[in-house]
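Residues per chain, in single letters:
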Amino acid sequence: MADIPEKLTELLEDFTFVTDRNERAALLIEMADKFEEVPPQVAERPFAEEHHVQRCESDAYVWAVDQQDGTLKFHFAVENPQGLSARALAAIIDETLSGQPPAQVAAVPPDIIYTLFGKDISMGKGQGLMGMLAMVKYFARERAGLPHP
Amino acid sequence: MSGIETRGYVRPEALVDTQWVADHLTDPRIRIIESNEDQLLYPSGHIPGAVQVDWTADLNDPLSRDYINAEGFQRLASHIGITPDMTLVFYGDKNNWWACYAFWVFQLFGHTNAKVMDGGRLKWEGEGRPTTRDLPQYAATQYPLRQRDDSRIRAFRDEVLKHVQARGQLVDVRSTPEFTGERLHMADYPNEGALRGGHIPGAKSVPWARAINPDNGTFKTADELRAIYEGEQGLSGSDEVVAYCRIGERSSHTWFVLTYLLGYPNVRNYDGSWTEWGNSVGVPIER
């Protein structure tokens, strides 16, 4: 089992100490403010369906662009204008998983969603956010030549 | 003018438009309540003076799968500074989906002086109306202890089973793939919340958001709603209707539509919904 990327581990540690829901929200909104939509040289509307995250209420899309060093740069689009949590997760993934070894990205456990967003998010929201991460991990496995479960 | 009163609703007083809310922002008899699916939205900006009621953190019992009890509701009401004579106005994201859910839970406790803001956050923001990140401060109130009444608008599994056996009316408001039981396998997904896919026998499929105009999140007119629920699906207000979805959130939206906009006298929300039914041993399922 590969380690998970160090940048993500550090961020998760920051969130582990958050117990107050307002503090958590403030941290996540700060991340969401950093969200940058997929640039047109990577993808333009209408986006291809194979990049569409299934069952994400926020209509999120994920792309992974090969880098020369063997890593991936992740890009996102969030079509729901009120999809703030999806934007926050997209910014977090880009900041902590882009440019990291694909085998490590593939090893990220889905329950980081609860560490980041709290255990009391709705089932639908949890599934949508996990769906975004699942697509990121799918691209990472492809890049690392790992089998899909 | 949004024309709520021109849309033919049976109980139009259950809705207010964004202008009405804008005109009552500082009215001490009104409390504006935001309830969202996305927990980041309220802290990122809300209608000035609005309080937040979060369904998981505020409306659900933290231990048992149930809603808060009388004492819990009293604490919540005190915390958001309401009294029984105040008018509550609910709004939120996703076409007021969670706003209707919170509205429904408040009805379990009998706070009938309640309304939904037509169009929700989407319309308010779309009209360029003000929002703030400032958290309002209201003095705690003394709200009387009221027992939760689960008998009128809430349905439990065994009641639904009897309702099915009596060939009662059911409306399944989930998406079509959920209704048909089609599985969407994706790696890394947690389980879908149920061991079996499909729907409760006899249920009509009307995905909840069909009641909404997608461009601005407002409710369709009564004629348009009747064309869907009655003309197309053959539902009728003359007999009881049970609405369900996965955990009872989307179906509270349909409960609101049938109860207030179309005036059905006997609509219940089965909040156990598919996460209970699809996991229950021995209950009938249709695909």
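Described in the following lines is the structure provided in the data block. Note that the coordinates shown come from a computational prediction; the quantities given were computed from them, not determined experimentally.

Moving on, we come to the interface of chain A and chain B. Contacts between the two partners involve 31 residues from chain A and, on the opposite side, 34 residues from chain B. When chain A packs against chain B, close to 2800 Å² is buried across both sides, 55% of that on carbon and sulfur atoms. On the surface where chain A and chain B come into contact, there are three salt bridges. Among the salt bridges present, the one from Glu37 of chain B reaches Lys125 of chain A, with a minimum N-O distance of 3.3 Å. At the boundary of chain A and chain B, one finds seven residue pairs in polar contact (both at pLDDT 80 or more). When contributions to the side of chain A that touches chain B are tallied by element, the ones reaching two or more residues are helix 2 (21-33), helix 3 (84-97) and helix 6 (123-144) of chain A.

All names here are of chain B. Across the sheet, four strands lie side by side as 7-6-8-9; this open sheet has parallel pairing. With one partner strand each, in any of the chains shown, strand 7 (204-205) and strand 9 (267-270) form the two edges of the open sheet. By the bridge criterion, four bridges tie strand 8 (residues 241-244) to strand 9 in an arrangement that is parallel. From the neighbouring strand, Val241 faces strand 9, where its bridge partner is Val267. Sitting on the sheet, helix 7 (residues 157-165) is in contact with strand 6 (169-172), strand 8 and strand 9, with an inclination near 120 degrees to strand 6.

Time to look at the sheet that holds strand 2 (residues 30-34) of chain B. Residue and element names in this part refer to chain B. If you trace the five strands from one edge of the open sheet to the other, you get 1-5-4-2-3, paired in parallel fashion. Both outer strands of the open sheet, strand 1 (15-16) and strand 3 (51-52), are each paired with one neighbouring strand and no more. Judged from the two bridges that link them, strand 2 and strand 3 form a sheet pairing that is parallel. Looking at the pairing, Ile33 lines up with Val51 of strand 3.

Attention now goes to the pairing of strand 2 of chain B. All names here are of chain B. Of all five residues in strand 2, five are buried; the element is thus mostly enclosed. Burial along strand 2 is two-sided: Ile30, Ile32 and Glu34 facing one way and Arg31 and Ile33 facing the other are all buried. Of the pairings in the sheet, the one linking strand 2 to strand 4 (residues 87-91) comprises five bridges and is parallel in character. Bridging across to strand 4, Ile33 finds its partner in Phe90.

Residue and element names in this part refer to chain B. Mapped onto the fold, Glu249 is located in the loop between strand 8 and helix 10 (250-261). Owing to a relative accessible area of 3%, Glu249 belongs among the buried residues under this scheme. Excluding its chain neighbours within four sequence positions, the residues that come into contact with Glu249 are Trp97, Trp98 and Tyr101.

Conventions we followed
- Residues numbered from 1 in each chain as written.
- Chains lettered and ligands numbered in written order.
- Predicted model: local features only at pLDDT ≥ 70, side-chain atom pairs only at ≥ 80, totals over all residues.
- Heavy atoms only, no water.
- Contact = heavy atoms within 4.5 Å.
- Buried area = accessible area lost by both parts, 1.4 Å probe.
- Salt bridge = Lys/Arg side-chain N within 4 Å of Asp/Glu carboxyl O.
- Polar contact = N/O pair within 3.5 Å; in protein donor to acceptor, adjacent residues only side chain to side chain.
- Helix = DSSP H or I, 4+ residues; strand = E, 2+ residues; numbered from the N terminus.
- Pairing = 2+ DSSP bridges.
- Axes fitted to C-alpha atoms, helices over the stretch in contact; angles between N-to-C directions.
- Buried < 20%, exposed > 50% of the residue type's maximum accessible area, 1.4 Å probe, protein only.

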